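This is what each chain is made of:
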Amino acid sequence: MTIQAGNRGLAWRREAADPFTFLVDVPANATNLTLDFQYLAPVRGSNERISVTRELLGVEWENVLLYPAGPAVQAIRVQPRLKLPPHWQQASGLRGPTG
């Protein structure tokens, strides 16, 4: 995972007591962060839902969103982006930025 504030890379570490918590020292003048990471989904032999095949990608956004501690999750606005393989098409029940 990489985290940037503007063009500046930020160091991060996991919280020892909670592996789902990442600790980052964000500069006081940062207005937004850019996070890039890869999610490795189960593909077989697991009790988890299979969400990736050669023909289908089922994105479970609750498994791939990162958000800051503190504010209510409902109050946080995000701009998710998904890079699909060549020749794939997307379909979604999510509304776009204009509603």
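Treat the numbers as computed from the prediction; the structure is a model and nothing was measured.

Asks: How do you make sense of a nonpolar patch on the surface when you look at a structure like this?
Replies: The grouping of M1, W12, V26, L33, L35, F37, Y39 and L66 at the surface amounts to a nonpolar patch, some 630 Å² of accessible area in total. Within the secondary structure, L33 sits in the loop between β4 (18-24) and β5 (34-36). For L33, a relative accessible area of 36% translates into the label partly exposed.

Asks: I would appreciate a short explanation of the sheet that holds strand β2 (residues 8-10) in the present structure.
Replies: Paired through backbone hydrogen bonds, the strands of a sheet run either parallel or antiparallel to each other. Across the sheet, three strands lie side by side as β2-β1-β5; this open sheet has antiparallel pairing. Only two strands of the sheet have a single neighbouring strand rather than two, namely β2 and β5. Ignoring strand direction, the axes of neighbouring strands in this sheet form an average angle of 30°. Examined bridge by bridge, strand β1 (residues 2-5) and β2 share three bridges and lie antiparallel to one another. Following the sheet pairing, I3 is matched in β2 by L10.

Asks: Just checking my understanding: could you explain the pairing of β4 for this structure?
Replies: Taken residue by residue, a regular strand's side chains alternate between the two faces of the sheet. Note: strand β3 (residues 12-15) against β4, four bridges, orientation antiparallel. Paired with R13 across the bridge in β4 is L23. Count of turn residues in the β3/β4 antiparallel hairpin: two residues.

Asks: Explanation requested: the pairing of β1 in the structure shown.
Replies: Residues I3 and A5 of β1 are buried on one face, while the alternating residues T2 and Q4, pointing to the opposite face, are not. Here three bridges tie β1 to β5, and the two strands are oriented antiparallel to one another. The residue bridging I3 from the neighbouring strand is L35, located in β5. Linking two consecutive strands that pair antiparallel, namely β1 and β2, is a turn of two residues; a positive phi of about 65° is found at G6 within it.

Rules used in this analysis
- Residues numbered from 1 in each chain as written.
- Predicted model: local features only at pLDDT ≥ 70, side-chain atom pairs only at ≥ 80, totals over all residues.
- Heavy atoms only, no water.
- Patch = residues over 30% accessible without salt bridge, like charges linked within 9 Å, V, L, I, M, F, W, Y side chains within 5 Å.
- Areas by Shrake-Rupley, 256 points an atom, 1.4 Å probe, with all protein chains shown as cover.
- Salt bridge = Lys/Arg side-chain N within 4 Å of Asp/Glu carboxyl O.
- Helix = DSSP H or I, 4+ residues; strand = E, 2+ residues; numbered from the N terminus.
- Buried < 20%, exposed > 50% of the residue type's maximum accessible area, 1.4 Å probe, protein only.
- Pairing = 2+ DSSP bridges.
- Axes fitted to C-alpha atoms, helices over the stretch in contact; angles between N-to-C directions.

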